[in-house]
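# Structural features, examined
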Amino acid sequence: MLAIEKLSVHYGGIHALQGIGFEVPDGKIVSLIGANGAGKSTTLKSIVGLVKPSSGTASWNGEALTGLPTKDIVERGVVLVPEGRRVFANLTVDENLTLGAYARKDKDGIAADRKRVFELFPRLDERKRQKAGTLSGGEQQMLAVGRALMSRPKLLMMDEPSLGLAPIVVKMIFGIVREINRTGVTVLLIEQNAKAALEIADRGYVLETGRITLQGSGAELLADDRVRKAYLGEAQ
Amino acid sequence: MDRSLLFQQLANALSLGSLYALIAIGYTMVYGILRLINFAHGDVFMLGAYIAFYAVSAAAMPWWAAFAVAIGLTGLFGIGLERVAYRPLRDSPKISIMISAIGASFLIENLGVVVFGGRPKSFASIPLFDTVVHFGSVSVLSVSLFIPVFTGLILAVLLWIVGRTKTGMAMRAVSTDVDAARLMAIDVNRVISFTFGVGSLLAALGGIMWTMKYPQLNPLMGVMPGLKCFIAAVIGGIGNIAGAVLGGLLLGFIEIMVVAFLPQLTGYRDALAFVLLIVVLMAKPSGLLGKRQAVKV
Ligand SMILES: Nc1ncnc2c1ncn2[C@@H]1O[C@H](COP(=O)(O)OP(=O)(O)O)[C@@H](O)[C@H]1O
Ligand SMILES: [Mg+2]
């Protein structure tokens with residue numbers, strides 16, 4: 001279980017996270033939704049150690065992650081698919097996948113995972129010798145997810161996987177997220193696309209300018225008037 | 001034109017150019033990873049030569065052991081330099097780290113004057129490198145034959161490391177996106193240390209070969225070669241290893257040929273690098289083998 005407690009992050013004078021707390025229970029999908037600039041990416045970055053929180057903790061199965069180097073956090077199975085995919089454009093698809101498994105030594109396991117990624121995303125198999133920079137946005141997102149799977153995540157965190165993608169690709173990615181979750185991987189999903197994110201979520205949280213303002217099951221939040229108005233674009 | 005003279009100059013050019021290439025590689029590797037111009041690289045070159053000198057003259061080591069020790073210690077020195085002078089500033093504005101590099105360069109040079117003394121020292125001759133070899137009417141110093149061979153081998157090994165090994169993949173990942181590399185559980189600091197280590201040991205090899213060719217050491221001996229090899233790296237396309245070798249070779253050829261065939265320009269020898277730099281950058285701003293991209297220095 002991932003537990004976030006009183007997490008605060010400052011960027012110079014900007015108080016980007018103001019003591020947020022939430023939990024991601026094992027095996028569940030939790031979605032954190034919020035508008036642009038609410039602090040969603042900051043939340044994920046501080047969990048993986050790319051941003052140093054000014055106070056508060058993130059802990060994974062009771063062990064504090066805060067203060068550990070990113071490498072150690074990833075090796076514990078806490079893996080982030082970053083906003084904007086961030087695939088290595090000048091490396092091939094295959095090399096990107098290899099880097100996902102960088103810290104692993106189990107050759108057989110790596111080969112099996114690579115096979116599985118290619119089964120999930122046959123498109124990547126066809127393009128494995130191609131530079132990642134030549135892929136379409138959707139394919140790059142597939143690669144980013146595939147690359148994360150290569151590090152054998154126990155907790156998979158995704159920062160706006162639907163950003164800039166065609167609806168059909170978004171649907172496919174969310175389908176895959178569900179499938180990954182069914183194999184026992186816990187998922188923390190961050191989205192501006194609130195509808196899609198809440199539909200697959202066991203539990204959801206709403207983040208507004210650095211604070212969590214609403215929480216509930218995915219279905220509850222989808223039915224909530226405030227959510228409908230602010231995030232689902234429905235006039236009342 | 002006399003053919004044997006031409007071949008003689010070609011041989012000289014190849015050995016000087018290969019030497020430049022060896023040093024240029026260090027600039028380009030560090031730049032490729034950190035977008036940092038390691039202004040102290042030429043001084044690391046000087047240090048390598050001095051360590052070898054003292055290992056032979058003071059510690060009375062056989063030359064091969066002395067060279068190995070010098071190359072190893074200089075590699076470690078490069079790693080230490082990054083730790084002390086660059087790593088603490090990694091998240092600071094680019095200009096701070098650049099100033100730190102310039103400061104490190106002055107510091108090493110002046111410490112060199114204090115520790116080694118300002119008066120030039122001469123390296124004892126090592127027969128293996130100091131034999132004149134004749135090919136018909138062309139005669140070259142044996143060290144001039146070794147240098148291109150070393151450079152060629154090193155280029156091949158480096159291209160293999162960068163292109164085919166996991167470490168090389170990590171280097172390429174760090175060079176494109178440091179945070180994304182961290183998310184792959186890559187130890188970014190280790191990759192950077194490795195890069196500095198390799199660049200510095202190549203500088204040491206270059207410094208040692210330089211003194212085999214021109215057997216005089218002084219604490220400022222790294223300044224001009226350092227500057228020229230930085231230019232060579234830019235000409236080849238900074239960040240690109242093969243480009244650094246190409247730039248080094250090109251610079252070596254032009255220097256030797258101009259001096260040989262336009263002797264009235266001999267006085268401008270050290271300025272040629274800058275002329276070449278301007279010409280190449282006007283034609284291709286990213287350097288001969290460089291990728292076209294906005295470079296942030
Ligand atoms: N590196 C940074 N430096 C300064 N401010 C930042 C930085 N990153 C994010 N911020 C600010 O922190 C707030 C939260 O940003 P972010 O976590 O990226 O939001 P979201 O992902 O929800 O769009 C925003 O006001 C943003 O401008
Ligand atoms: Mg964001």
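Residues numbered from 1 in each chain as written. Chains lettered and ligands numbered in written order. Predicted model: local features only at pLDDT ≥ 70, side-chain atom pairs only at ≥ 80, totals over all residues. Heavy atoms only, no water.

### Notes on the interface of chain A and chain B
Each side of the interface is counted separately: chain A has 21 residues, and chain B has 18 residues. Each partner contributes to the roughly 1900 Å² buried at the junction of chain A and chain B, and carbon and sulfur atoms together form 68% of this total. The interface formed by chain A and chain B contains two salt bridges. Of the charged contacts in the structure, one is a salt bridge between Glu-95 of chain A and Arg-172 of chain B, with a shortest N-O distance of 3.0 Å. Counting across the interface, chain A meets chain B through three residue pairs in polar contact (both at pLDDT 80 or more). Looking at the side of chain A that touches chain B, the elements with two or more residues in it are α2 (70-75) and α3 (93-100) of chain A. Among the residues forming the side of chain A that touches chain B, the class breakdown is 11 nonpolar, four polar and six charged. (Contact = heavy atoms within 4.5 Å. Buried area = accessible area lost by both parts, 1.4 Å probe. Salt bridge = Lys/Arg side-chain N within 4 Å of Asp/Glu carboxyl O. Polar contact = N/O pair within 3.5 Å; in protein donor to acceptor, adjacent residues only side chain to side chain. Helix = DSSP H or I, 4+ residues; strand = E, 2+ residues; numbered from the N terminus. Nonpolar A, V, L, I, M, F, W, Y, C, P; charged D, E, K, R; others polar.)

### Digging into helix α1 (residues 40-47) of chain A
Within α1 of chain A, seven of the eight residues are buried, leaving the element largely enclosed by the surrounding structure. Within α1 of chain A, burial applies to Lys-40, Ser-41, Thr-42, Thr-43, Leu-44, Ser-46 and Ile-47 of chain A. (Buried < 20%, exposed > 50% of the residue type's maximum accessible area, 1.4 Å probe, protein only.)

### Side note on the nonpolar core
Membership of the largest hydrophobic core comes to 122 residues, with the highest contact counts inside it found for Ile-47 and Leu-188 of chain A together with Phe-67, Tyr-86, Ile-186 and Met-209 of chain B. The dominant element in this core, judged by the number of residues it contributes, is helix α1 (residues 3-34) of chain B, at 15 residues. Here this core spans two domains, and each of domain 1 (23-51 + 68-77 + 153-236) and domain 2 (88-151) of chain A adds at least three residues to it. For Phe-67 of chain B, the contacting residues outside a window of four places in its chain are Ala-52, Phe-123, Ile-126, Phe-129, Ile-208, Met-209 and Met-212 of chain B. Residues Ile-110, Leu-156, Leu-189 and Ala-196 of chain A belong to the second largest nonpolar core, which totals 48 residues. (Core = buried A, V, L, I, M, F, W, Y, C linked by side-chain atoms within 4.5 Å. Domains from an automatic or database assignment.)

### Observations concerning the sheet that holds strand β10 (residues 211-217) of chain A
Across a sheet, paired strands are connected by hydrogen bonds in the backbone, their directions being either parallel or antiparallel. Residue and element names in this part refer to chain A. Here six strands make up an open sheet; going across it, the order is β6-β7-β8-β3-β9-β10 and the pairing mixed. Pairing within the sheet leaves two strands with one partner each, and these edge strands are β6 (78-81) and β10. The mean inter-strand angle of the sheet, taken between neighbouring strand axes irrespective of direction, is 15°. As judged from the six bridges shared by strand β9 (residues 203-208) and β10, these two strands associate in the antiparallel manner. Bridge pairing in β10 places Glu-208 opposite Arg-211. Across the sheet, helix α7 (residues 167-182) is in contact with β3 (29-33), β7 (155-159) and β8 (186-191); its angle to β8 comes to roughly 155°. (Pairing = 2+ DSSP bridges. Axes fitted to C-alpha atoms, helices over the stretch in contact; angles between N-to-C directions.)

### With respect to the site of ligand 1
Residues and elements named next belong to chain A. Around ligand 1, the surrounding shell consists of Tyr-11, Ile-14, Ala-16, Ala-35, Asn-36, Gly-37, Ala-38, Gly-39, Lys-40, Ser-41 and Thr-42. A distance of 3.2 Å separates an oxygen atom of ligand 1 from a polar side-chain atom of Asn-36. Contacts to ligand 1 include Ala-38, whose backbone N or O atom sits 3.2 Å from an oxygen atom. Against a free-state accessible area of 560 Å², the protein chains account for coverage of 63% of ligand 1. Within the residue set of the shell around ligand 1, elements represented by two or more residues are β2 (14-24) and α1. With three residues, the top contributor of residues to the shell around ligand 1 is α1. (Near = heavy atom within 4 Å. Areas by Shrake-Rupley, 256 points an atom, 1.4 Å probe, with all protein chains shown as cover.)

### Re α1 of chain B
Every α-helix carries 3.6 residues per turn, so stepping three or four residues along brings you back to the same face. Residue and element names in this part refer to chain B. Spanning 32 residues, α1 covers 45 Å between terminal C-alpha atoms, matching the ideal 46 Å at 1.5 Å per step. Considering bend angle alone, the principal kink of α1 is centred on Ile-23 and spans about 25°. Where burial is concerned, most of α1 is hidden: 23 out of the 32 residues are buried. Backbone geometry just downstream of α1 places Arg-35 in the positive-phi region, at approximately 55°. (Expected span 1.5 Å × (residues − 1). Bend = angle between axes of the 7 residues up to and from the residue.)

### With respect to the side chain of Asp-43 of chain B
Residues and elements named next belong to chain B. Within the secondary structure, Asp-43 sits in helix α2 (residues 41-57). Despite its burial, Asp-43 pairs with no opposite charge; the closest candidate is Lys-228, at 15 Å N-O. Apart from the residues lying within four places of it in its own chain, the contact partners of Asp-43 are Ser-105, Ile-108 and Glu-109. (Lys, Arg positive; Asp, Glu negative; His and termini not counted.)

### Section: the pairing of β7 of chain A
Residue and element names in this part refer to chain A. Of all five residues making up β7, five are buried, and the element is well covered by its neighbours. Judged by which residues are buried, β7 turns out to be covered on both faces: Leu-155, Met-157 and Asp-159 on one side and Leu-156 and Met-158 on the other are all buried. Bridge count for β6 against β7 is four bridges, and the pairing is parallel. Within the sheet, the bridge partner assigned to Val-81 lies in β7 and is Met-158. One ladder, built from five bridges, connects β7 with β8; its direction is parallel. Within β8, the residue paired with Met-158 across the bridge is Leu-189. Chirality of the crossover, the property in question, places the unit of β7, α7 and β8 among those that are right-handed. (Right-handed = clockwise from strand over helix to strand, strands pointing away.)

### With respect to the pattern of salt bridges
In total, this model carries 24 salt bridges over all chains according to the counting rule given. The partner of Arg-127 of chain A in a salt bridge is Glu-126 of chain A, and the shortest N-O contact between them spans 3.3 Å. You can call Glu-126 of chain A exposed: its relative accessible area is 59%. Residue Lys-228 of chain B is joined to Asp-270 of chain B by a salt bridge in which the shortest nitrogen-to-oxygen separation is 2.6 Å. Within this pair, whereas Lys-228 of chain B is found in helix α9 (residues 223-236), its partner Asp-270 of chain B is found in the loop between α10 (241-261) and α11 (272-283), the two being separated by 42 residues in sequence. Assessed through its relative accessible area of 6%, Lys-228 of chain B is described here as buried. Connected through shared salt-bridge partners, Arg-104, Asp-106, Asp-113 and Arg-152 of chain A make up one network.

### Here's the deal with the side chain of Ser-286 of chain B
Within the secondary structure, Ser-286 of chain B sits in the segment after α11. Here the side chain of Ser-286 of chain B touches Gly-290 of chain B through a polar contact of 3.4 Å, landing on its backbone oxygen.

### Quick word on the packing of α3 of chain A against helix α6 (residues 166-176) of chain B
Packing of α3 of chain A against α6 of chain B leaves a shortest axis separation of 11 Å and a crossing angle of 100°. Taken together, the axes of α3 of chain A and α6 of chain B lie roughly perpendicular to each other. In this structure, α3 of chain A uses Glu-95, Thr-98 and Leu-99 of chain A to contact α6 of chain B, whose residues at the interface are Met-169, Ala-170, Arg-172 and Ala-173 of chain B. Tallied by class, residues from the contact of α3 of chain A with α6 of chain B come to four nonpolar, one polar and two charged. (Parallel < 35°, antiparallel > 145°, perpendicular 65-115°, else oblique.)

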